[in-house]
Amino acid sequence: MADSFKIQYSGKVTPVEEIESADGGKIRIVHSNIDKVFGGSNEVNFSSTSSKVNYKDYTTTTLAVNLEHSTIFNDANIELDFLYMGIREAAGDGTPNLNVSVTGVSVPFIEMEGIGDFCIIPFKNNNFPGNAISLNSTSSSTLAKVDILIGEIE
């Protein structure tokens with residue numbers, strides 16, 4: 001039996017510029033005015049209780065559905081301290097997308113598009129309410145199969 005449940009996470013961003021050569025070919029390099037690649041990693045300890053780290057394989061709909069809804073985590077008391085969402089595959093005919101909305105904000109807070117797009121939000125000791133975050137795709141042709149991982153610090 002485990003003594004604690006944690007999530008390790010990391011991310012990397014590379015500012016890129018594309019340069020066209022004399023023969024019409026293009027090369028991509030790290031942005032010359034920035035000249036850096038950024039990234040980092042961390043680990044968050046959540047609990048000695050396995051139920052505080054949860055995963056959901058979710059297929060989006062065109063209607064906004066909050067994380068506490070019965071089709072996602074089916075839990076009326078989610079208090080997020082960590083959120084990962086990533087588009088795993090298409091569930092429609094087009095390029096999959098995922099809009100993430102936050103209660104009180106009129107436009108999507110996060111817009112993801114394409115297989116492999118993801119976001120990581122370490123809220124850390126914030127207890128952000130799960131019912132304040134809603135997910136949807138923009139049309140039936142852009143539905144997405146999404147991996148969702150949440151953590152709640154006890």
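Residues numbered from 1 in each chain as written. Predicted model: local features only at pLDDT ≥ 70, side-chain atom pairs only at ≥ 80, totals over all residues. Heavy atoms only, no water.

K.L.:
Go over the overall build of the chain, please, and point to the residues and values.
P.N.:
A count of helices and strands for the chain gives 0 helices and 14 strands. For the chain, the C-alpha atoms occupy an extent of roughly 60 × 40 × 30 Å along the three principal directions. Within the chain, the fraction of its 154 residues that count as buried is 32%. A fraction of 73% describes how many contacts in the chain between residues 6 or more apart in sequence connect residues 24 or more apart. Of the roughly 9,000 Å² that the chain leaves accessible, carbon and sulfur atoms contribute 47%. Averaging the positions of the 10 positive and the 20 negative side-chain charges in the chain gives two centres separated by 4 Å. (Helix = DSSP H or I, 4+ residues; strand = E, 2+ residues; numbered from the N terminus. Buried < 20%, exposed > 50% of the residue type's maximum accessible area, 1.4 Å probe, protein only. Contact = heavy atoms within 4.5 Å. Areas by Shrake-Rupley, 256 points an atom, 1.4 Å probe, with all protein chains shown as cover. Lys, Arg positive; Asp, Glu negative; His and termini not counted. Charge placed at Lys NZ, Arg CZ, Asp CG, Glu CD.)

K.L.:
Summarise the pattern of salt bridges; cite the residues concerned and give the values.
P.N.:
Tallying each qualifying case throughout the model produces 6 salt bridges. As a salt-bridge pair, arginine 88 and aspartate 57 come within 2.9 Å of each other at their nearest N and O atoms. Of the two residues, arginine 88 is situated in strand S8 (residues 82-90) and aspartate 57 in strand S5 (residues 53-59); the sequence distance between them amounts to 31 residues. The partly exposed category is assigned to arginine 88, whose relative accessible area is 27%. Taking the relative accessible area as the measure of exposure, aspartate 57 reaches 40% and is therefore partly exposed. (Salt bridge = Lys/Arg side-chain N within 4 Å of Asp/Glu carboxyl O.)

K.L.:
Give a detailed account of the nonpolar core, specifying residues and quantitative values.
P.N.:
Ranked by size, the top nonpolar core spans 23 residues in total, and within it Leu67, Leu83, Met85, Leu135 and Ile148 carry the most contacts. Elements that contribute at least two residues to this core include exactly S8, strand S9 (97-102), strand S10 (110-113), strand S11 (118-121), strand S13 (133-136) and strand S14 (144-151). Ranked by residues supplied to this core, first place goes to S14 with 4 residues. Leave out the neighbours within four places in its chain, and leucine 83 touches Leu67, Cys119, Ile120, Ile121, Phe123, Ile133, Ile148, Leu149 and Ile150. By size, the runner-up hydrophobic cluster in this structure holds 5 residues, among which are Ile7, Val44, Phe46 and Phe82. (Core = buried A, V, L, I, M, F, W, Y, C linked by side-chain atoms within 4.5 Å.)

K.L.:
Go over unusual backbone geometry, please, and point to the residues and values.
P.N.:
In this structure, aspartate 35 takes a positive phi of about 60° despite not being glycine. You can see aspartate 35 is positioned in the loop between strand S3 (26-30) and strand S4 (38-47). The backbone of asparagine 127 shows a phi angle near 50°, a positive value even though the residue is not glycine. Take asparagine 127: it is sitting in the loop between S11 and strand S12 (128-129). Residue classification places asparagine 127 among the partly exposed positions, given a relative accessible area of 37%.

Bear in mind that shape data such as this cannot, by itself, settle questions of function.
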